[in-house]
Amino acid sequence: MNALLQDHAPATRTRPRGWSRLHVVLHWLVVVLIAVQYVDRESMETLFDATFEGRSIQTFDMVLGWTHIAVGSAILGAMAIRLVDRIACGRPPHGAAEPGWARWLASATHALLYVVLLAMPALGLLAWITGSETSADLHTLLWTPLLVLIGLHVAGALAQSLWFRSGALAQMTSLRGRF
Ligand code: HEM
Ligand code: HEM
């Protein structure tokens, strides 16, 4: 958590001017994959209940349910790679016009997004492997906080760009950085 809230790259290295290409690609990939999870979530619930109650379900729910598992696992992998990239390379500096409270809010939101996007798929996998209702409930419970964090994050990203005129959005949409 500390590494996530930390704004500066390790003191021995200069901070990168932009996000790595890998980080940018994974950021937008995760956005798309979360949208897929929004669509397939109810089929996953149907598949989960039917599997542990020994019932059969329609092919449609079966396909979407397994999509949920595959896409959720991909999110876990993508977030783990981003975390390693973030800790190893640091993040680009915030815009000079951004006040301290806005930087802090952005860092806290980013850190919580990492926590939720790592915990959610991990709990989902645990529920699927063990059949644990508690893990399934905790997994589902994190959905609303995730949506709130995404809302806050998107509002913040737009404010950074339109209000504080920082280059954050340009950096997050540029593939010109290092790999
Ligand atoms: C970040 C990735 C994920 C997101 C955003 C997500 C989202 C959701 C949501 C919103 C639900 C609730 C469905 C409803 O109540 O209608 C759900 C259910 C479920 N998800 Fe995920 N999921 C993710 C990853 C995974 C993974 C990797 C697995 C592994 C198998 C998984 C397994 C489950 C299970 C078993 C349920 C049913 C829980 C129940 O019936 O109580 N999820 N998921
Ligand atoms: C599902 C939706 C989204 C999620 C889960 C998400 C997640 C994240 C995370 C975790 C970071 C921090 C990166 C890091 O510190 O390693 C980040 C950065 C960023 N995101 Fe998103 N994001 C989403 C949607 C968006 C959207 C729609 C936009 C554009 C409006 C956006 C713009 C940005 C920008 C500009 C940054 C860099 C912020 C900075 O340098 O201070 N994101 N995002």
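Values in this document were obtained by computation on a predicted structure and should not be read as measured data.

With respect to the overall build of the protein
When helices and strands are counted, the protein shows 7 helices and 0 strands. Mapped in sequence order, the helices and strands of the protein form the string α-α-α-α-α-α-α. Expressed as a percentage of the 179 residues in the protein, the buried residues total 17%. Restricting the contact set of the protein to residue pairs at least 6 apart, pairs at least 24 apart contribute 76%.

A few points about the site of ligand 1
Taken together, 25 residues sit near ligand 1, with Gly72, Pro121, Gly124, Trp128 and Ala136 positioned nearest. Counting residues per element, the ones that place at least two in the shell around ligand 1 are helix H2 (21-53), helix H3 (59-89), helix H4 (100-130) and helix H5 (133-141). A total of 8 residues in the shell around ligand 1 trace back to one element, the largest contributor, which is H2. Along the lines of polarity and charge, the residues of the shell around ligand 1 split into 13 nonpolar, 7 polar and 5 charged.

Some thoughts on the site of ligand 2
Around ligand 2, 20 residues are found, and the nearest of them are His110, Leu113, Ala157, Ala168 and Met172. Elements supplying a minimum of two residues to the shell around ligand 2: H2, H3, H4, helix H6 (143-162) and helix H7 (168-172). Considering every element that reaches the shell around ligand 2, the biggest residue donor is H6, with 5 residues.

Section: the environment of Leu123
Locating Leu123 in the fold gives a position in helix H4. For Leu123, a count of 20 C-beta atoms within 10 Å translates into the label buried. Remark: the alpha-carbon pair of Leu123 and Leu142, spanning 19 residues in sequence, is separated by 9.8 Å. Every residue in contact with Leu123, bar those within four places of it in the chain, is listed here: Ser135, Leu138 and His139.

Quick look at the packing of H2 against H3
Between H2 and H3, whose axes approach to 7 Å, the crossing angle comes to 150°. In this view, H2 runs roughly antiparallel relative to H3, as classed from their interaxial angle. Note on packing geometry: the crossing formed by H2 with H3 is left-handed. Split into classes, the residues belonging to the contact of H2 with H3 amount to 16 nonpolar, 8 polar and 5 charged.

Digging into the environment of Leu141
Assignment of secondary structure puts Leu141 in helix H5. With 11 C-beta atoms counted inside 10 Å, the residue Leu141 sits in the exposed group. Considered as a pair, Leu141 and Met120 are 21 residues apart in the sequence and their alpha carbons are 9.1 Å apart.

Comments concerning the nonpolar core
Residues Met44, Leu47, Phe48, Ile75, Met79, Leu117, Met120, Leu123, Ala127, Trp128 and Ala136 constitute the largest nonpolar core, which totals 11 residues. Only H2, H3 and H4 provide two or more residues apiece to this core. Top element by residues in this core is H4. It accounts for 5 residues. Ignoring sequence-local partners within four residues, the contact set of Met79 consists of Val30, Tyr114, Leu117 and Leu118.

Rules used throughout
- Residues numbered from 1 in each chain as written.
- Chains lettered and ligands numbered in written order.
- Predicted model: local features only at pLDDT ≥ 70, side-chain atom pairs only at ≥ 80, totals over all residues.
- Helix = DSSP H or I, 4+ residues; strand = E, 2+ residues; numbered from the N terminus.
- Buried ≥ 20, exposed ≤ 12 C-beta atoms within 10 Å, placed from the backbone.
- Contact = placed C-beta atoms within 7 Å.
- Near = placed C-beta within 6 Å.
- Nonpolar A, V, L, I, M, F, W, Y, C, P; charged D, E, K, R; others polar.
- Axes fitted to C-alpha atoms, helices over the stretch in contact; angles between N-to-C directions.
- Parallel < 35°, antiparallel > 145°, perpendicular 65-115°, else oblique.
- Left-handed = near helix turned anticlockwise from the far one by under 90°.
- Core = buried A, V, L, I, M, F, W, Y, C linked by C-beta atoms within 7 Å.

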